[in-house]
Amino acid sequence: MEWNDNLLTGVEKIDNQHKELLRRVNNVLDACNQRKGKEIVGETLDFLESYVAEHFHDEENLQIESQFPGYEGHRQLHARFIKDLKDLKSRFEKDGASILVVIEVNKTIVGWLRDHIMKVDKEFADYYKSR
Ligand SMILES: [Fe+2]
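Residues numbered from 1 in each chain as written. Predicted model: local features only at pLDDT ≥ 70, side-chain atom pairs only at ≥ 80, totals over all residues. Heavy atoms only, no water.

Asks: What am I meant to see in the overall build of the protein here?
Replies: Within the protein one finds four helices and zero strands. Ordering the α and β elements of the protein from the N terminus gives α-α-α-α. Taking 2.2 N^0.38 as the reference for a compact globule, 131 residues should give roughly 14 Å; the C-alpha atoms of the protein span a radius of gyration of 15 Å, in line with that estimate. Once the C-alpha set of the protein is aligned to its principal axes, its extents read approximately 45 × 25 × 20 Å. For the protein, buried positions account for 43% of its 131 residues. When the accessible area of the protein is evaluated, it comes to approximately 7,600 Å², of which 49% is carbon and sulfur surface. Across the protein, the mean location of the 20 positive side-chain charges is 4 Å away from that of the 25 negative side-chain charges. (Helix = DSSP H or I, 4+ residues; strand = E, 2+ residues; numbered from the N terminus. Rg over C-alpha atoms; globule rule 2.2 N^0.38 Å. Buried < 20%, exposed > 50% of the residue type's maximum accessible area, 1.4 Å probe, protein only. Areas by Shrake-Rupley, 256 points an atom, 1.4 Å probe, with all protein chains shown as cover. Lys, Arg positive; Asp, Glu negative; His and termini not counted. Charge placed at Lys NZ, Arg CZ, Asp CG, Glu CD.)

Asks: Explanation requested: the side chain of Lys-122 in the structure shown.
Replies: You can see Lys-122 is positioned in helix 4 (residues 99–130). For Lys-122, the residues in contact, after removing those within four places along its chain, are Asn-6, Leu-7, His-116 and Ile-117. (Contact = heavy atoms within 4.5 Å.)

Asks: Explanation requested: unusual backbone geometry in the structure shown.
Replies: Phi at Arg-35 takes a positive value of approximately 60°, unusual for a residue other than glycine. Of note in this structure, Gln-67 is not a glycine but carries a positive phi near 55°. Relative to the elements of secondary structure, Gln-67 occurs in the loop between helix 2 (37–65) and helix 3 (71–95).

Asks: Whenever I open this one, the coordination of the iron ion confuses me. Can you help?
Replies: Metal coordination angles have textbook ideals: 109.5 degrees for a tetrahedral set of four donors and 90 or 180 degrees for an octahedral set of six. The coordination sphere of the iron ion contains the protein donors Glu-59 (OE), His-74 (NE2), His-78 (NE2), His-116 (NE2) and Asp-121 (OD), at a distance range of 1.9 to 2.3 Å. Read in sequence order, the donor residues coordinating the iron ion give the pattern E-x14-H-x3-H-x37-H-x4-D. In this pair, Glu-59 is assigned in helix 2 and His-116 in helix 4, connecting sequence segments 57 residues apart. (Donors = N, O, S within 2.8 Å, 3.2 Å for Na, K, Ca; no water.)

Asks: What should I look at first to understand helix 4 in this one?
Replies: Note on helix geometry: an α-helix contains 3.6 residues per turn, so any two residues three or four positions apart are oriented the same way. Given a rise of 1.5 Å per residue, 32 residues ought to cover 46 Å, and the 44 Å separating the end C-alpha atoms of helix 4 matches this to within 8%. At Lys-122, helix 4 is deflected by roughly 40°, the largest bend along its length. (Expected span 1.5 Å × (residues − 1). Bend = angle between axes of the 7 residues up to and from the residue.)

Asks: Would you mind showing me how to read the packing of helix 2 against helix 4 here?
Replies: Working note: a packed helix pair is described by the angle between its axes plus the distance between those axes. Axis separation between helix 2 and helix 4 bottoms out at 11 Å; the angle between their running directions is 20°. Regarding the angle of helix 2 to helix 4, the classification is roughly parallel. In this structure, helix 2 meets helix 4 at a crossing whose hand is left-handed. Each of Gly-37, Lys-38, Val-41, Thr-44, Leu-45, Leu-48, Phe-56, Glu-59, Leu-62 and Gln-63 in helix 2 lies in contact with helix 4, whose residues at this interface are Ile-99, Val-102, Val-105, Ile-109, Trp-112, His-116, Asp-121, Phe-124 and Tyr-128. Looking at side-chain class alone, the contact of helix 2 with helix 4 contains 12 nonpolar, four polar and three charged residues. (Axes fitted to C-alpha atoms, helices over the stretch in contact; angles between N-to-C directions. Parallel < 35°, antiparallel > 145°, perpendicular 65-115°, else oblique. Left-handed = near helix turned anticlockwise from the far one by under 90°. Nonpolar A, V, L, I, M, F, W, Y, C, P; charged D, E, K, R; others polar.)

Asks: Sorry if this is basic, but what is going on with the packing of helix 1 (residues 12–33) against helix 2 here?
Replies: Helix 2 packs onto helix 1 with a crossing angle of 165° between their chain directions and a minimal axis gap of 10 Å. When the axis of helix 1 is compared with that of helix 2, the two are roughly antiparallel. The element helix 1 and its partner helix 2 pack so that their crossing is left-handed. Two secondary-structure elements touch here, helix 1 through Lys-13, Ile-14, Gln-17, His-18, Glu-20, Leu-21, Arg-24, Asn-27, Val-28, Ala-31 and Cys-32 and helix 2 through Gly-37, Ile-40, Glu-43, Thr-44, Phe-47, Leu-48, Tyr-51, Glu-54, His-55, Asp-58, Glu-59 and Leu-62. Of the residues that constitute the contact of helix 1 with helix 2, the class distribution is 10 nonpolar, six polar and seven charged.

Here it is, written out as C-alpha coordinates:
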(Lines give C-alpha, C1' and ligand atoms only; values in the text may rest on other atoms or scores of the structure.)
Protein backbone atom coordinates (compact mmCIF):
# COMPACT_ATOMS: atom_id res chain seq x y z
CA MET A 1 0.00 0.00 0.00
CA GLU A 2 1.30 3.40 -0.86
CA TRP A 3 1.34 6.68 1.00
CA ASN A 4 -0.67 9.41 -0.61
CA ASP A 5 -0.08 13.08 0.28
CA ASN A 6 -3.79 13.53 0.27
CA LEU A 7 -3.73 11.89 3.69
CA LEU A 8 -1.59 14.59 5.24
CA THR A 9 -3.05 16.45 8.18
CA GLY A 10 -0.27 18.99 8.05
CA VAL A 11 0.60 18.11 11.65
CA GLU A 12 4.03 16.57 11.39
CA LYS A 13 3.74 14.34 14.42
CA ILE A 14 0.45 12.77 13.28
CA ASP A 15 1.62 12.43 9.69
CA ASN A 16 4.81 10.69 10.79
CA GLN A 17 2.83 8.31 12.96
CA HIS A 18 0.55 7.46 10.05
CA LYS A 19 3.52 6.88 7.76
CA GLU A 20 5.08 4.63 10.36
CA LEU A 21 1.93 2.54 10.51
CA LEU A 22 1.90 2.24 6.72
CA ARG A 23 5.49 1.04 6.81
CA ARG A 24 4.55 -1.59 9.38
CA VAL A 25 1.58 -2.78 7.35
CA ASN A 26 3.82 -3.18 4.31
CA ASN A 27 6.36 -5.12 6.38
CA VAL A 28 3.66 -7.51 7.49
CA LEU A 29 2.36 -7.94 3.94
CA ASP A 30 5.89 -8.60 2.66
CA ALA A 31 6.55 -11.08 5.43
CA CYS A 32 3.34 -12.91 4.62
CA ASN A 33 4.25 -13.05 0.95
CA GLN A 34 7.54 -14.62 1.95
CA ARG A 35 5.69 -17.00 4.25
CA LYS A 36 7.31 -15.39 7.27
CA GLY A 37 4.11 -13.98 8.72
CA LYS A 38 4.40 -16.02 11.89
CA GLU A 39 7.74 -14.49 12.75
CA ILE A 40 6.50 -10.95 12.54
CA VAL A 41 3.12 -11.21 14.18
CA GLY A 42 4.17 -11.00 17.85
CA GLU A 43 6.42 -8.07 17.13
CA THR A 44 3.66 -6.29 15.20
CA LEU A 45 1.14 -6.74 18.00
CA ASP A 46 3.60 -5.29 20.52
CA PHE A 47 4.29 -2.36 18.23
CA LEU A 48 0.59 -1.71 17.67
CA GLU A 49 -0.17 -1.73 21.35
CA SER A 50 2.22 1.09 22.15
CA TYR A 51 1.59 2.82 18.83
CA VAL A 52 -2.15 3.19 19.37
CA ALA A 53 -1.76 4.34 22.95
CA GLU A 54 0.43 7.23 21.86
CA HIS A 55 -1.06 7.98 18.48
CA PHE A 56 -4.74 7.95 19.47
CA HIS A 57 -3.95 10.15 22.42
CA ASP A 58 -2.19 12.69 20.18
CA GLU A 59 -4.91 12.60 17.57
CA GLU A 60 -7.74 12.98 20.07
CA ASN A 61 -6.00 15.89 21.78
CA LEU A 62 -5.69 17.63 18.46
CA GLN A 63 -9.38 17.07 17.79
CA ILE A 64 -10.34 18.52 21.16
CA GLU A 65 -8.05 21.52 20.65
CA SER A 66 -9.44 22.20 17.22
CA GLN A 67 -13.06 21.55 18.33
CA PHE A 68 -13.56 18.90 15.70
CA PRO A 69 -17.32 18.13 15.58
CA GLY A 70 -16.71 14.44 14.82
CA TYR A 71 -14.59 13.94 17.92
CA GLU A 72 -16.94 11.68 19.89
CA GLY A 73 -17.54 9.23 17.05
CA HIS A 74 -13.87 9.21 16.20
CA ARG A 75 -12.91 8.49 19.78
CA GLN A 76 -15.30 5.52 19.80
CA LEU A 77 -13.65 4.07 16.70
CA HIS A 78 -10.28 4.34 18.41
CA ALA A 79 -11.67 2.59 21.50
CA ARG A 80 -13.08 -0.23 19.36
CA PHE A 81 -9.75 -0.71 17.62
CA ILE A 82 -7.98 -0.94 20.99
CA LYS A 83 -10.45 -3.62 22.01
CA ASP A 84 -9.96 -5.59 18.75
CA LEU A 85 -6.24 -5.40 19.31
CA LYS A 86 -6.57 -6.70 22.84
CA ASP A 87 -8.67 -9.63 21.62
CA LEU A 88 -6.09 -10.43 18.95
CA LYS A 89 -3.32 -10.32 21.48
CA SER A 90 -5.03 -12.73 23.83
CA ARG A 91 -5.72 -15.09 20.91
CA PHE A 92 -2.05 -14.87 19.98
CA GLU A 93 -1.02 -15.60 23.56
CA LYS A 94 -3.36 -18.57 23.69
CA ASP A 95 -2.89 -20.10 20.21
CA GLY A 96 0.52 -18.76 19.23
CA ALA A 97 1.14 -17.49 15.70
CA SER A 98 -1.35 -19.84 14.08
CA ILE A 99 -2.15 -19.13 10.47
CA LEU A 100 -5.56 -17.87 11.56
CA VAL A 101 -4.04 -15.33 13.93
CA VAL A 102 -1.62 -14.18 11.22
CA ILE A 103 -4.48 -13.67 8.79
CA GLU A 104 -6.54 -11.89 11.42
CA VAL A 105 -3.69 -9.47 12.29
CA ASN A 106 -3.22 -8.78 8.63
CA LYS A 107 -6.89 -8.12 8.07
CA THR A 108 -7.16 -5.89 11.12
CA ILE A 109 -4.32 -3.53 10.27
CA VAL A 110 -4.97 -3.38 6.54
CA GLY A 111 -8.62 -2.68 7.32
CA TRP A 112 -7.64 0.02 9.78
CA LEU A 113 -5.44 1.72 7.25
CA ARG A 114 -8.06 1.58 4.54
CA ASP A 115 -11.17 2.37 6.56
CA HIS A 116 -9.78 4.60 9.25
CA ILE A 117 -6.65 6.45 8.14
CA MET A 118 -7.74 6.75 4.54
CA LYS A 119 -11.32 7.77 5.34
CA VAL A 120 -12.05 8.85 8.92
CA ASP A 121 -8.68 10.46 9.65
CA LYS A 122 -8.78 12.04 6.21
CA GLU A 123 -12.06 13.76 7.15
CA PHE A 124 -10.40 15.15 10.24
CA ALA A 125 -7.33 16.19 8.22
CA ASP A 126 -9.56 18.09 5.80
CA TYR A 127 -11.35 19.80 8.68
CA TYR A 128 -8.10 20.63 10.42
CA LYS A 129 -6.51 22.12 7.32
CA SER A 130 -9.57 24.15 6.40
CA ARG A 131 -9.85 26.01 9.71
FE1 LIG B 1 -7.98 8.31 14.05
